[in-house]
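# A closer look at the structure
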Amino acid sequence: KELRLEGTVRAFRRDAGRRGKQFLGAAIECVDGTVWVIAYEEHSPFHQFAGRRVVALGESYEPNCGQHLIGWSGGQKLCHFRVSSIRLAEET
């Protein structure tokens, strides 16, 4: 089932001053507080939307193996989303 998300893209890059494992991907933070991980790569195409409101279409999924995020700072609900299309949201 295709879902429509609207929210702000949060994208992360390596911080040389920070120790330990870092999340280098991107996520969409929705108004209801849900955070949808959309990439784990530091140089994903979604990084170009960092800090911008977007509308994304795609489907949710459960990571089946390997390492993945299980929590988000701030305690928001965390989900995973496979994007089929993304665009900037209309400014009001």
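Note that the coordinates shown come from a computational prediction; the quantities given were computed from them, not determined experimentally.

### Comments concerning the confidence of the model for the protein
Put simply, the protein has an average pLDDT of 84, and 80% of its residues get 70 or more. Looking at the elements of the protein, mean pLDDT is at its lowest for strand E3 (residues 35-39), recorded as 92, and at its highest for strand E4 (residues 53-61), recorded as 96.

### Thoughts on the packing of aromatic side chains
Two numbers describe a pair of aromatic rings. These are the distance of the centres and the angle of the planes. Scanning the model with the defined rule gives one aromatic pair in all. Plain terms: the ring middles of Trp-36 and Phe-81 are 5.6 Å apart, the flat faces sit at 75° to each other, and that makes the pair edge-to-face. Residue Trp-36 is found in strand E3, and its partner Phe-81 is found in strand E5 (residues 78-88); the two are separated by 45 residues along the sequence. We note that Trp-36, like Phe-81, is buried.

### Points about the environment of Pro-63
Relative to the assigned elements, Pro-63 resides in the loop between E4 and E5. Measuring from C-alpha to C-alpha, the distance between Pro-63 and Cys-79 comes to 9.5 Å, with 16 residues separating the pair along the chain.

### Details of the pattern of salt bridges
Summed over the entire model, instances satisfying the criterion amount to four salt bridges. Between Glu-6 and Arg-53 there is a salt bridge; the shortest N-O distance is 2.4 Å. With a gap of 47 residues between them, Glu-6 in strand E1 (residues 3-11) and Arg-53 in strand E4 connect regions that are remote in the sequence. A relative accessible area of 28% places Glu-6 in the partly exposed class. Between Arg-82 and Glu-59 there is a salt bridge, and its shortest N-O distance comes to 3.3 Å.

### Digging into the nonpolar core
The biggest cluster of nonpolar side chains holds 14 residues, and the ones touching the most others in it are Leu-5, Ile-28, Trp-36, Ile-38 and Phe-81. Those elements giving two or more residues to this core turn out to be E1, strand E2 (26-30), E3, E4 and E5.

Analysis parameters
- Residues numbered from 1 in each chain as written.
- Predicted model: local features only at pLDDT ≥ 70, side-chain atom pairs only at ≥ 80, totals over all residues.
- Heavy atoms only, no water.
- pLDDT = per-residue confidence, 0-100.
- Helix = DSSP H or I, 4+ residues; strand = E, 2+ residues; numbered from the N terminus.
- Phe/Tyr/Trp six-rings, centres within 6.5 Å; stacked < 30°, edge-to-face > 60°.
- Buried < 20%, exposed > 50% of the residue type's maximum accessible area, 1.4 Å probe, protein only.
- Salt bridge = Lys/Arg side-chain N within 4 Å of Asp/Glu carboxyl O.
- Core = buried A, V, L, I, M, F, W, Y, C linked by side-chain atoms within 4.5 Å.

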